[in-house]
Amino acid sequence: CKNKVLTLVFVLRPGEVLLGYKKRGFAQGWWNGFGGKVEAGETIEEGAKRELHEESGLSVSNELDHVGVLMFEFVNDPVLLEVHVYRTYSYTGTPIETEEMKPQWFKHQDIPYKDMWPDDKLWYSLMLNGKYFNGNFKFEGLTNLLEYEINEITK
Ligand SMILES: CN1CCN(c2cc(NC3CC3)nc(N)n2)CC1
């Protein structure tokens, strides 16, 4: 069991998605949803809500919609990343810039894929359109996507 479980939350409003610009650390300089590690004693969904609040200032009262699981393998690295993707239209608060992230709303056509993880352009359309999906990606380093498969699932 070498999976590192991570979360990724997308806050939506009509025609737009909230992304955060990573100001430091892993994937610095790229835009992404909000998320991170799951701590001992919390469920994956609780971890997702916690990271969203820590990184954006937003709170989610009710359910997050669990829309997919993305598995990432890196050549010569035994640790698999298991990223649980969530989305929600219902949130409270106003996005605030933190030390980690600078939040910004993007119209779907303006999503800055060149400044994002290389896999994002392959599955964002499914996430933005309310589909459910699973994805498997094989990377060499952080930018070279060697293989992938994405399957839409009926939930
Ligand atoms: C804190 N986590 C890190 C992993 N993560 C990823 C990863 C990812 N690609 C993988 C090649 C790394 N692509 C997106 N969009 N997010 C979510 C946030």
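Let me begin by describing the structure that accompanies this report. Only a predicted model underlies this, so the values are computations on that prediction, with no experimental measurement involved.

What counts, and where the lines are drawn
- Residues numbered from 1 in each chain as written.
- Predicted model: local features only at pLDDT ≥ 70, side-chain atom pairs only at ≥ 80, totals over all residues.
- Heavy atoms only, no water.
- Helix = DSSP H or I, 4+ residues; strand = E, 2+ residues; numbered from the N terminus.
- Buried < 20%, exposed > 50% of the residue type's maximum accessible area, 1.4 Å probe, protein only.
- Lys, Arg positive; Asp, Glu negative; His and termini not counted.
- Salt bridge = Lys/Arg side-chain N within 4 Å of Asp/Glu carboxyl O.
- Contact = heavy atoms within 4.5 Å.
- 1 Å grid on protein atoms, 1.4 Å probe; cavity = no way out; pocket = protein on both sides within 12 Å on 5 of 7 lines; lining within 4 Å.
- Points joined across faces, edges and corners; volume = space filled by probe spheres on them.
- Nonpolar A, V, L, I, M, F, W, Y, C, P; charged D, E, K, R; others polar.
- Near = heavy atom within 4 Å.
- Polar contact = N/O pair within 3.5 Å; in protein donor to acceptor, adjacent residues only side chain to side chain.
- Sits in = over half its atoms within 2 Å of the grid points.
- Expected span 1.5 Å × (residues − 1).

Another point: the side chain of E82. Within the fold, E82 resides in strand β5 (residues 77-88). K4 provides the closest opposite charge to the buried, unpaired E82, separated from it by 12 Å. Residues within four places of E82 in sequence aside, it is in contact with N3, K4, V5, L6, V69, L70 and M71.

Okay, the layout of surface pockets next. A volume near 650 Å³ is recorded for the largest pocket. Lining the largest pocket are 29 residues; nearest its centre among them are L6, F26, N32, G36 and W117. At four residues, the largest contribution of residues to the lining of the largest pocket is made by strand β1 (residues 3-13). In terms of residue class, the lining of the largest pocket is built from 15 nonpolar, five polar and nine charged.

The next subject is the environment of K131. Along the polypeptide, K131 turns up in the loop between α2 (120-128) and β7 (132-140). K131 sits in the partly exposed class, given a relative accessible area of 35%. Here the alpha-carbon distance between K131 and E147, two residues 16 residues apart in the chain, equals 22 Å. Beyond its immediate stretch of four places on either side in the chain, K131 contacts V67, L126 and E152.

The next thing to look at is the site of the ligand. In the neighbourhood of the ligand, the contacting residues comprise L6, L8, F26, N32, G36, F72, F74, W117, D119, D120, W123 and F139. D119 has a polar side-chain atom sitting 2.9 Å from a nitrogen atom of the ligand. The side chain of D120 places a nitrogen or oxygen atom 2.7 Å from a nitrogen atom of the ligand. Comparing atom positions with the cavity grids shows the ligand to sit within the largest pocket. Those elements that place two or more of their residues in the shell around the ligand are β1, β4 (65-74) and α2. Among the residues forming the shell around the ligand, the class breakdown is eight nonpolar, two polar and two charged.

This part takes up helix α1 (residues 44-56). Helix length check: α1, at 13 residues, gives a terminal C-alpha distance of 18 Å against a target of 18 Å (1.5 Å per residue), a fit within 8%. Taken together, the buried positions of α1 are G47, A48, R50, E51, L52, E55 and S56. Those residues of α1 that are buried are in contact with β1, β5 and β6 (101-107). Immediately downstream of α1, the backbone of G57 shows phi near 90°, a positive value.

This brings us to the side chain of K22. Looking at where K22 falls in the secondary structure, it is placed in strand β2 (residues 16-22). When its relative accessible area of 14% is taken as the criterion, K22 is described as buried. Engagement of the side chain of K22 in a polar contact is seen with the backbone oxygen of F26, the distance being 3.0 Å. Each residue touching K22, except ones within four places of it in the same chain, is listed here: A27, Q28, G29, W30, E100 and M101.

Here we come to the pattern of salt bridges. All told, the structure shown has 13 salt bridges when counted by the stated rule. For the salt bridge of E39 with R50, the shortest nitrogen-to-oxygen distance reads 3.4 Å. Linking E39 in the loop between β3 (31-32) and α1 with R50 in helix α1, this pair joins segments that are eleven residues apart in sequence. As a salt-bridge pair, K49 and E45 come within 3.9 Å of each other at their nearest N and O atoms.

In short, shape yes, function no, at least from these values alone.
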